[in-house]
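One-letter residues, chain by chain:
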Amino acid sequence: MKRIIEKVIESLLTISGATTGIVILLIVVFLFREGVGFFSHSDIESGYVLCVNGKNPVDRLTPEQIKRIFDYEIDNWSLAGGNDEAIEPFRMNDLSDYYSDEELGENYEFVPEKLGEIIGGTPGIIAFIPEQYVPGKSEEVKVLSGNKLKPADFFGGENWMPTATPAPQFGLLPLLTGTLWVGLCAILIALPLGLGVAIYLGELANEKIRNLLKPTIELLAGIPSVVYGFFGLVVLVPFIQKAFNLPVGETAFAGSLVLAIMALPTIITVAEDAIRNTPQTMREASLGLGANHWQTIYRVVIPYSISGISAAVVLGIGRAIGETMAVLMVTGNAAVIPRSLFEPVRTIPATIAAELGEAPHGGAHYSALFVLGCILFLITVIISISAELISKKQHQAQ
Amino acid sequence: MLETKNIDFYYGSFHALKNIAMKIEDHTVTAFIGPSGCGKSTFLRLFNRMNDLIPSMRLTGECLIDGEDIYHKSVDVAKLRKRVGMVFQKPNPFPKTIFENVAYGLRVDGVNDGRFIARRVEESLQSAALWEEVKDKLKKSAFELSGGQQQRLCIARALAIAPSIILMDEPASALDPISTSKIEDLIHILKKDYTIVIVTHNMQQAARVSDKTGFFMLGELIEYDDTKKIFMNPEKEETQNYITGRFG
Ligand SMILES: Nc1ncnc2c1ncn2[C@@H]1O[C@H](COP(=O)(O)OP(=O)(O)OP(=O)(O)O)[C@@H](O)[C@H]1O
Ligand SMILES: [Mg+2]
């Protein structure tokens, strides 16, 4: 009987372990499958095409070039690999400048024909038009073939404007640098503070203070991030704006501060546990050899608890990098590559949270957000692995 | 010379040592024996002020080393502990290399001379009869040694700071018989240069290694005399009973 129960429990444990593993695997597979689809989307808004004059030698344009042409930043074809010829961007609503509604027909049935005339008659034109109005095949009109989105444009792109027309910009750099920037600064603030408090609690504080502080700090870890976001928005943001005399207080620095505050309880609790777990005999051995308290802390206690401390660091960074809500609220959400701490930035998680709801399902924007998810996932994996390696190295050296 | 006068020691309200007076001569081995919980470790740890770590402790009486009261306000505890080394019951090497374990006391003392440290490490390991076994793996983690080797490493570590007194709290209780006899041989050799105080539950060991033996019970020092006398012809009945029961 007892045997059977043991067997049942054993298989239940095995099953639950396997299920967890499979679920995690499925999530990862799902994330990456949705993400990979991104690179099979066209770089021009779907349902539309770009047409140029038939004599124009240009066959291809990058998303970046298209954007700058329609922003009037590139105004001559020679800058895009063509002849010396002024560029004339054309959108559908420009049509009314050329023809009256009657000329276009009741059901716009003459639109393709008229478009053909315009494109054929304007050497420098580039027209952004819906697929169904593309003029019939002729010498005068050339349809620019849309490219697939290229990884190089994604990973090296400096603009994130997923809803721009005619060519949405999916440049990872501003988001990636924003994320790393905010996360890095947060950890630079939180780590020394957190370790300091952990050492104070574990080694210096007397029992009374510890019994008061530890549960309070543990409580802080459970506060929802929106609350931290509110605190940041109401207290930190105006403070930063005043203190540094900035046009806006919603900056990378505000994000880093809020994240640091949020990561602190985790770092403190985990690191303090590791420090407390150092056997008393270790401390006695060190003190017994004439070391003072501080020497004992940094020569014995910290090396002994290094793997716990690096776990604290990983959890802290993990929280900082992945945190969404609070950062969304205080960083100003400008998807530009940050040049200083005191500019608005936007992080990857904040982008996903803010945009997933409005991105049309299955479109390029939608898949792009999944690629962002994959990148976030990879960042955390890299951090965990490197922390693992560091603590292993430490142990070998010891 | 170690000397205590009217020592009373309390853990909070618990009276752990009662009015203990004892004199220990230089270059002798003194063994403390007695039933578990009778206060041997507590007494031993008075001499390097290890009990200071316990917040609730209270001490009255005098504890002198070479005539100097080591509990006087002016005493630097770290300096005292450099004179009074300690070896613990369970081997407790640091999470460092073998070399760094032995060099630890010198390093925290601010010694920077690498050649001096290397020489001292070698001497200490030789004195602890460990050199031959570890000389090719000084850069390896101390955790890779066997329990007996780790304990001799801890002895080497204590020797490296050149103390005059070594306290050993059941140094062989976690070891196999061969490692134990190695440690006992070592104590014989070290006796020439050090004053050794050892706590042990092993009567044969006390009889083999010590010159003098103190028998403790319930926080009192029942009898303290030459080891031969204690084991052959003790004054007190409690001592007799304990020893015969133990040799049983
Ligand atoms: N930190 C402490 N706080 C309170 N009481 C303690 C503490 N350490 C020891 N004691 C008590 O003091 C008494 C003496 O302890 P001690 O460790 O000196 O005994 P011992 O003779 O070394 O025993 P053993 O042979 O088991 O090591 C015991 O009754 C023990 O319960
Ligand atoms: Mg003891």
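Residues numbered from 1 in each chain as written. Chains lettered and ligands numbered in written order. Predicted model: local features only at pLDDT ≥ 70, side-chain atom pairs only at ≥ 80, totals over all residues. Heavy atoms only, no water.

**Here's the deal with the site of ligand 1**
All names here are of chain B.
Then comes step 1: Residues in contact with ligand 1, as listed here, are Tyr11, Phe14, Ser36, Gly37, Cys38, Gly39, Lys40, Ser41, Thr42, Ile54, Glu170 and His201.
Then comes step 2: Contacts to ligand 1 include Lys40, whose side-chain N or O atom sits 2.7 Å from an oxygen atom.
Then comes step 3: Thr42 places a polar side-chain atom, nitrogen or oxygen, 2.4 Å from an oxygen atom of ligand 1.
Then comes step 4: Isolated, ligand 1 exposes 630 Å² of accessible area, and the fraction of that covered by the protein chains is 63%.
Then comes step 5: Counting residues per element, the shell around ligand 1 draws most heavily on helix 1 (residues 40-44), at three residues.
Then comes step 6: Its residues assigned to classes, the shell around ligand 1 comprises four nonpolar, six polar and two charged. (Near = heavy atom within 4 Å. Polar contact = N/O pair within 3.5 Å; in protein donor to acceptor, adjacent residues only side chain to side chain. Areas by Shrake-Rupley, 256 points an atom, 1.4 Å probe, with all protein chains shown as cover. Helix = DSSP H or I, 4+ residues; strand = E, 2+ residues; numbered from the N terminus. Nonpolar A, V, L, I, M, F, W, Y, C, P; charged D, E, K, R; others polar.)

**Quick look at the environment of B:Asp211**
All names here are of chain B.
Then comes step 1: With respect to the element layout, Asp211 can be found in the loop between helix 8 (203-209) and strand 9 (212-217).
Then comes step 2: For Asp211, a relative accessible area of 27% corresponds to the partly exposed category.
Then comes step 3: Taking the C-alpha atoms as reference points, Asp211 and His27, 184 residues apart in sequence, are found 9.8 Å from one another.
Then comes step 4: Those residues in contact with Asp211, other than ones at most four positions away along the chain, are Thr28, Val29, Lys191, Asp226 and Thr227. (Buried < 20%, exposed > 50% of the residue type's maximum accessible area, 1.4 Å probe, protein only. Contact = heavy atoms within 4.5 Å.)

**Structural notes on the packing of aromatic side chains**
Then comes step 1: On inspection of all chains with the given rule, the structure shows 23 aromatic pairs over all chains.
Then comes step 2: Note on A:Phe90 and A:Tyr98: the rings are 5.9 Å apart at their centroids and 65 degrees apart in plane angle, and the pair reads as edge-to-face.
Then comes step 3: Grouped by ring-pair contacts, the aromatic residues A:Phe38, A:Phe39, A:Phe154, A:Phe155, A:Trp160 and A:Phe170 constitute a single cluster.
Then comes step 4: Over the aromatic face of B:Tyr224 sits the side chain of B:Lys212, whose NZ or CZ is 5.2 Å from the ring centroid. (Phe/Tyr/Trp six-rings, centres within 6.5 Å; stacked < 30°, edge-to-face > 60°. Lys NZ or Arg CZ within 6 Å of the ring centre and 35° of its normal.)

**Topic: the side chain of B:Thr30**
Residue and element names in this part refer to chain B.
Then comes step 1: Locating Thr30 in the fold gives a position in strand 3 (residues 29-33).
Then comes step 2: Given a relative accessible area of 0%, Thr30 falls into the buried group.
Then comes step 3: When neighbours within four sequence positions are excluded, Thr30 is seen to be in contact with Ile24, Ile196, Val197, Ile198, Ser210, Lys212 and Tyr224.

**Re the interface of chain B and chain A**
Then comes step 1: Opposite the 24 residues of chain B that make contact, chain A presents 19 residues.
Then comes step 2: Of the roughly 1,900 Å² buried at the junction of chain B and chain A (both faces included), carbon and sulfur atoms supply 64%.
Then comes step 3: For chain B, the biggest contributors to the area lost against chain A are B:Pro95, B:Tyr104 and B:Val108; these three give 29% of the whole.
Then comes step 4: Our count for the contact surface shared by chain B and chain A stands at one salt bridge.
Then comes step 5: At the junction of chain B with chain A, the criterion picks out five residue pairs in polar contact (both at pLDDT 80 or more). (Buried area = accessible area lost by both parts, 1.4 Å probe. Salt bridge = Lys/Arg side-chain N within 4 Å of Asp/Glu carboxyl O.)

**Points about the pattern of salt bridges**
Then comes step 1: Using the criterion set out here, one finds 24 salt bridges over all chains in the structure.
Then comes step 2: Close ionic contact of A:Arg346 with A:Glu355 constitutes a salt bridge, the shortest N to O distance being 2.6 Å.
Then comes step 3: A residue is classified by how much of its surface remains accessible, and A:Arg346, at 14% relative accessible area, is buried.
Then comes step 4: Here A:Glu355 falls in the buried class, since its relative accessible area comes to 6%.
Then comes step 5: B:Glu133 serves as the salt-bridge partner of B:Arg152, at 2.9 Å between the closest nitrogen and oxygen. Taken together, the positions of B:Arg152 in helix 6 (residues 147-159) and B:Glu133 in helix 5 (residues 131-134) put the pair 19 residues apart, joining distant regions of the chain.
Then comes step 6: The partly exposed category is assigned to B:Glu133, whose relative accessible area is 31%.
Then comes step 7: Connected through salt bridges with shared partners, the residues A:Arg210, A:Lys214, A:Glu218, A:Glu272 and A:Asp273 form a single ionic network.

**Side note on the domain arrangement of chain A**
Then comes step 1: If you check the domain split of chain A, you get domain 1 (48-147) and domain 2 (173-397).
Then comes step 2: Inter-centroid distance (C-alpha atoms) of domain 1 of chain A to domain 2 of chain A is 51 Å. (Domains from an automatic or database assignment.)

**A short note on the state of the cysteines**
Then comes step 1: Evaluated as defined, the whole model comprises zero disulfides over all chains.
Then comes step 2: The structure places no disulfide on B:Cys63, whose sulfur is separated from the nearest cysteine sulfur, that of B:Cys38, by 17 Å. (Disulfide = S-S within 2.5 Å.)

**Some points on the sheet that holds strand 2 (residues 14-24) of chain B**
Then comes step 1: Strand order in the open sheet formed by four strands is 2-1-4-5 (chain B), with antiparallel pairing between adjacent strands. With partners counted over all chains shown, the strands left at the sheet margins are strand 2 and strand 5 (68-69) of chain B, one partner each. (Pairing = 2+ DSSP bridges.)

**Comments concerning the packing of helix 3 (residues 98-108) of chain B against helix 4 (residues 114-127) of chain B**
All names here are of chain B.
Then comes step 1: The interhelical angle for the contact between helix 3 and helix 4, taken along N-to-C directions, is 120 degrees, at an axis separation of 9 Å. Note on packing geometry: the crossing formed by helix 3 with helix 4 is right-handed. Of helix 4, the residues touching helix 3 (which contributes Phe99, Val102, Ala103, Leu106 and Arg107) are Phe116, Ile117, Ala118, Arg120, Val121, Ser124 and Leu125.
Then comes step 2: Tallied by class, the residues present in the contact of helix 3 with helix 4 amount to nine nonpolar, one polar and two charged. (Axes fitted to C-alpha atoms, helices over the stretch in contact; angles between N-to-C directions. Left-handed = near helix turned anticlockwise from the far one by under 90°.)

**A closer look at unusual backbone geometry**
Glycine aside, residues mostly have negative phi, and peptide bonds are mostly found in the trans state.
All names here are of chain B.
Then comes step 1: Residues other than glycine seldom take positive phi values, yet Ala162 does so here, at roughly 50 degrees.
Then comes step 2: Mapped onto the elements of the fold, Ala162 is located in the loop between helix 6 and strand 7 (165-169).
Then comes step 3: Here Glu170, not a glycine, exhibits a phi torsion of approximately 45 degrees, which is positive.
Then comes step 4: With respect to the element layout, Glu170 can be found in the loop between strand 7 and helix 7 (177-190).
Then comes step 5: On the basis of relative accessible area, Glu170 is assigned to the buried category, the value being 12%.

**With respect to helix 2 (residues 63-70) of chain A**
Residues and elements named next belong to chain A.
Then comes step 1: When we look at burial in helix 2, the residues that qualify are Pro63, Ile66, Lys67, Ile69 and Phe70. All buried residues of helix 2 project into a common sector of 165 degrees when viewed along the axis, lining one side.
Then comes step 2: Each element contacted by the buried residues of helix 2 is listed here: strand 1 (48-53), strand 2 (88-91), strand 3 (125-130), helix 6 (151-156), strand 5 (160-161) and strand 6 (169-170).
Then comes step 3: Phi turns positive one or two residues past the end of helix 2, at Tyr72, with a value near 65 degrees. (Arc of directions from axis to C-beta.)

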